[in-house]
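What the coordinates show
What follows is the residue order along each chain.
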Amino acid sequence: QVQLVESGGGLVQAGGSLRLSCAASGRSFSNYVMGWFRRAPGKEREFVANIRWSSGITNYADSVKGRFTISRDNAKNTVDLQMNTLKPEDTAVYYCAAKVVYFQFYDYWGQGTQVTVSS
C-alpha cells in the first residue's frame, strides 16, 4: 500500500525558510513523478513543483521559481521541498503526491502539512 507522509511544516516569518519532507513507501517509485502541491485558504489547489524520480528532472511553478528547490533522496525514499525567501502568500497546506510518468493525474496523495508565513 502506497503511503506518502509529509512533515516539516510550521510557522515562519516572511523571508525565512522551511524544509518539507515527504516519506514515500509501499512500492518502487523509479517510474514515478513526485510532486508538491498547495492549497491556500479560499483558493484552489495549485501545483508547486515536481521531480521525476529516475532522472531528477524538475519543474516549478513560476511563483516559486528561484525560491523553492525540490529534491529526492533515493536511499531514504524521501522527496524534499526546500523553501527559501518565504512570503505570506506561500501560506497554505502543502501536499505531496505521486503519479506514474506520462500519466496525467496524480494517483497518490499525502495528508498535507500546514505552512504559515507571517508578515
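Look up: the structure comes first, before these words.
Notes on the structure in this doc start here. (Residues numbered from 1 in each chain as written. Predicted model: local features only at pLDDT ≥ 70, side-chain atom pairs only at ≥ 80, totals over all residues. Heavy atoms only, no water.)

1. Examining the overall build of the protein
Convention followed: What counts as a helix is a DSSP run of H or I of at least four residues, what counts as a strand is a run of E of at least two, and both are numbered from the N terminus. Put simply, the radius of gyration uses C-alpha atoms, and a globule should come to 2.2 Å times the residue count raised to 0.38. With a 1.4 Å probe rolled over the protein chains alone, any residue whose accessible area is under 20% of its type maximum counts as buried; one over 50% counts as exposed, and the rest are partly exposed. What makes two residues a contact is simply this: any of their non-hydrogen atoms within 4.5 Å. Residue exposure ignores everything except the shown protein chains as possible cover, and the areas themselves are Shrake-Rupley values with a 1.4 Å probe. In this charge count, Lys and Arg are treated as positive and Asp and Glu as negative; neither His nor the chain ends contribute. In plain terms, the charge of a residue is placed at NZ if it is Lys, CZ if Arg, CG if Asp and CD if Glu.
Across its full length, the protein carries zero helices and eleven strands. Each helix (α) and strand (β) of the protein, taken in turn from the N terminus, gives the series β-β-β-β-β-β-β-β-β-β-β. The globule rule puts the C-alpha radius of gyration for 119 residues at 14 Å, and the 13 Å found for the protein is close to it. Considering only C-alpha atoms, the protein reaches an extent of 40 × 25 × 25 Å along its principal axes. Looking at the protein as a whole, 44% of its 119 residues qualify as buried. Considering only intrachain contacts with a sequence separation of at least 6, the fraction spanning at least 24 residues in the protein is 54%. By element, 47% of the accessible surface of the protein is carried by carbon and sulfur atoms, the whole surface being about 6300 Å². Of the charged side chains in the protein, 13 are positive and 9 negative, and the gap between their average positions amounts to 4 Å.

2. Some words on the state of the cysteines
In plain terms, the rule: In this description, the term disulfide denotes a pair of cysteine sulfurs within 2.5 Å.
Under the criterion given, the structure shown has one disulfide. Disulfide partner of Cys22: Cys96, at an S-S distance of 2.1 Å. Across the disulfide from Cys22 to Cys96, rotation about the S-S bond amounts to roughly -75°, and the bridge is consequently left-handed. Residue Cys22 is found in strand S3 (residues 18-25), and its partner Cys96 is found in strand S9 (residues 92-100); the two are separated by 74 residues along the sequence. An identical accessibility class is assigned to Cys22 and Cys96; each is buried.

3. Considering the packing of aromatic side chains
To be explicit about the condition: Stacked, tilted and edge-to-face are the three classes assigned to paired rings of Phe, Tyr and Trp, where Trp is represented by its six-membered ring and a pair needs centres within 6.5 Å; plane angles under 30 degrees give stacked, over 60 edge-to-face, the rest tilted.
Counted under the stated rule, the structure contains seven aromatic pairs. On the numbers, 5.7 Å between centres and 75° between planes, the contact of Phe37 with Phe47 is edge-to-face. Highlighted residues: Phe37 in strand S4 (residues 32-39) and Phe47 in strand S5 (residues 45-52), separated in sequence by ten residues. Residue classification places Phe37 among the buried positions, given a relative accessible area of 10%.

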